[in-house]
Amino acid sequence: MPDVTVREAIPNDAQTILDFIIGLAEFENEPRSIVEATVESIRRDGFGEDRLFETLIAERGGEPLGMALFFPHYSTWTGTPVLFLEDLFVKEDARGTGAGFALMQALAEIADQRGWKRLDLSVLDWNPARQFYHQLGMEHESEWLLYRLDGDGISRLARANRDG
């Protein structure tokens, strides 16, 4: 929609970004306590020369409607970075306004301008946004399975065969 704009987040948006992250956790039926990010960690890792991620904010009339938090990862097959969309979130009362489309279009523009050959994301199997992604032309990669190793598992693996 023409009245939805997308801009790059600034350090003063850290609280808004955190609020969106908490909103996403709640949408995904996760307790708020699962979110360990803080305003400080968002400022530290999302802004400055060595930032680990970037964030776009969709807004209407200066009111934040949603965000897209992303970072590059590398594809050995394309020989280029790939845009990985970690979080896409639009407030419930702003869904259907074009904010999600505006964010995805802005991400595609960034990937295109930077010469990144893919835009990847993960989505829960029950999330109705899957239909939105299909409408954008994205394909579900059913042959690829997401695997994860979290904090305790990382620590155990890091210490394997060293602790006895």
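Coordinates for the structure precede this section.
For the structure given in this document, a descriptive report is provided here.

Conventions we followed
Residues numbered from 1 in each chain as written. Predicted model: local features only at pLDDT ≥ 70, side-chain atom pairs only at ≥ 80, totals over all residues. Heavy atoms only, no water. Phe/Tyr/Trp six-rings, centres within 6.5 Å; stacked < 30°, edge-to-face > 60°. Helix = DSSP H or I, 4+ residues; strand = E, 2+ residues; numbered from the N terminus. Buried < 20%, exposed > 50% of the residue type's maximum accessible area, 1.4 Å probe, protein only.

## A closer look at the packing of aromatic side chains
1) Next: Taken as a whole and assessed by the stated rule, the structure comprises three aromatic pairs.
2) Next: Judged by centre distance (5.8 Å) and plane angle (50 degrees), the ring pair of Phe-20 and Phe-89 falls under tilted. With Phe-20 in helix H1 (residues 14-27) and Phe-89 in strand E4 (residues 80-90), the pair connects residues that are 69 residues apart, well separated along the chain.
3) Next: A relative accessible area of 5% places Phe-20 in the buried class.
4) Next: Phe-89 sits in the buried class, given a relative accessible area of 9%.
5) Next: Seen in terms of ring centroids, Phe-71 and Phe-84 are 5.4 Å apart; in terms of plane orientation they differ by 35 degrees. Their pairing is tilted. With Phe-71 in strand E3 (residues 63-75) and Phe-84 in strand E4, the pair connects residues that are 13 residues apart, well separated along the chain.

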